[in-house]
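Given next are the chains, with one letter for each unit.
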Amino acid sequence: MLLCIDDANVEAIRRLVEYYPIDGVSTNPTIISRTKREPFEVLKEIREIIGSERELFAQVLATEADGMLADAKRIIKELGDNTIVKIPCTTEGFKAMKMCHKEGIRLLGTAIYTPMQGFIAAKCGCEYLAPYVNRIDNMGYDGVRVAMEIQDMLENNGLDYCGLLAASFKNSQQIIDLIKYGVKAVTVPVDVFDNFVKNAAIDAAVDQFTKDFANLVGPGKTMSNC
Ligand code: G3P
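Criteria and cut-off values
Residues numbered from 1 in each chain as written. Predicted model: local features only at pLDDT ≥ 70, side-chain atom pairs only at ≥ 80, totals over all residues. Heavy atoms only, no water. Helix = DSSP H or I, 4+ residues; strand = E, 2+ residues; numbered from the N terminus. Buried < 20%, exposed > 50% of the residue type's maximum accessible area, 1.4 Å probe, protein only. Contact = heavy atoms within 4.5 Å. Areas by Shrake-Rupley, 256 points an atom, 1.4 Å probe, with all protein chains shown as cover. Pairing = 2+ DSSP bridges. Axes fitted to C-alpha atoms, helices over the stretch in contact; angles between N-to-C directions. 1 Å grid on protein atoms, 1.4 Å probe; cavity = no way out; pocket = protein on both sides within 12 Å on 5 of 7 lines; lining within 4 Å. Points joined across faces, edges and corners; volume = space filled by probe spheres on them. Nonpolar A, V, L, I, M, F, W, Y, C, P; charged D, E, K, R; others polar.

Enquirer: Can you walk me through the overall build of the protein chain in this structure?
Expert: For the protein chain, the count of helices and strands is 11 helices and eight strands. With the C-alpha coordinates of the protein chain rotated into their principal frame, the extents come out at 70 × 35 × 30 Å. The proportion of buried residues among the 226 residues of the protein chain is 46%. Within the protein chain, contacts between residues at least 6 apart in sequence are counted, and of these 57% link residues at least 24 apart. Surface accessibility of the protein chain: about 11700 Å² in total, with carbon and sulfur atoms responsible for 54%.

Structure representation (structure tokens):
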């Protein structure tokens with residue numbers, strides 16, 4: 001299971017890569033716009049931080065297939081190996097996916113709100129599908145359920161070259177449900193990452209260990225120097 005960061009804030013990415021087992025970074029045009037920086041400048045900096053082995057996801061902006069293919073080619077040219085091009089699961093997007101797939105470009109189908117979008121994108125050659133879990137929840141449907149249905153469709157139809165990069169999370173529970181279900185990957189915004197271990201009970205447990213050990217061997221001592 002891959003754990004990715006859904007953000008383009010380079011300071012936050014640098015910090016999370018240092019502390020967490022990060023497999024990649026995903027972006028979209030909205031996420032990049034929040035940096036107020038030139039798109040390829042920020043994407044190249046992210047590539048530098050994560051190295052050439054981790055996966056970097058960047059999205060096309062054109063709205064018709066030929067333009068999406070041109071966007072995809074530039075993204076790959078600028079960002080190198082292990083870059084996956086995100087294409088929205090629209091009619092033009094499906095056409096572009098087939099064109100890109102023929103050229104050997106690795107793809108993710110994005111803006112997925114329904115299982116059928118995911119199924120078609122997988123058939124078009126996508127390696128990843130991004131169902132928008134929290135946005136689906138906000139529409140009054142069950143985002144985790146939709147993501148699970150897409151995963152079932154892939155498994156039951158031999159589309160095993162394709163898996164989920166589940167996206168649009170607002171809390172840990174949505175993520176845990178999909179990790180338990182065995183999805184290929186999740187991408188998590190920085191604020192949700194920071195809440196993974198923000199818990200008074202965890203802090204209290206660690207504080208108590210420190211106090212008890214200090215009572216035994218003196219303050220400031222650890223296992224390396226007690
Ligand atoms: O990249 C797509 C997805 O992660 C969007 O998330 O938080 O805008 O619903 P959000």
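Additional details are given in the paragraphs that follow.
Enquirer: Teacher, can you tell me more about the sheet that holds strand β7 (residues 163–166) here?
Expert: Each strand in a sheet pairs with its neighbour through backbone hydrogen bonds, running either in the same direction (parallel) or in the opposite one (antiparallel). Taken in spatial order, the eight strands of this closed barrel run β1-β2-β3-β4-β5-β6-β7-β8, and their pairing is parallel. Each neighbouring strand pair of the sheet contributes to a mean axis angle of 25°, computed without reference to strand direction. With three bridges connecting them, strand β1 (residues 2–6) and strand β2 (residues 24–26) associate as parallel partners. Within the sheet, the bridge partner assigned to I5 lies in β2 and is V25. Contacts between helix α3 (residues 39–50) and the sheet are confined to β2, β3 (55–59) and β4 (83–88), with β3 contributing the most and set at about 170° to the helix.

Enquirer: Where do I start with the layout of surface pockets in this structure?
Expert: Quantified by volume, the largest pocket comes out at close to 290 Å³. Taken together, 19 residues line the largest pocket, and the ones lying closest to its centre are D6, N28, I31, R135 and K170. At the level of elements, α2 (29–33) and α10 (190–194) are the ones that each hand at least two residues to the lining of the largest pocket. When the residues that make up the lining of the largest pocket are grouped by side-chain class, the tally is seven nonpolar, five polar and seven charged. Of the pockets and cavities examined, the second largest pocket occupies roughly 200 Å³. Taken together, 13 residues line the second largest pocket, and the ones lying closest to its centre are P39, F40, Q59, L61 and I75. Of all the secondary-structure elements, those providing two or more residues to the lining of the second largest pocket are α2, α3, β3 and α4 (65–79). Its residues placed into classes, the lining of the second largest pocket shows nine nonpolar, two polar and two charged.

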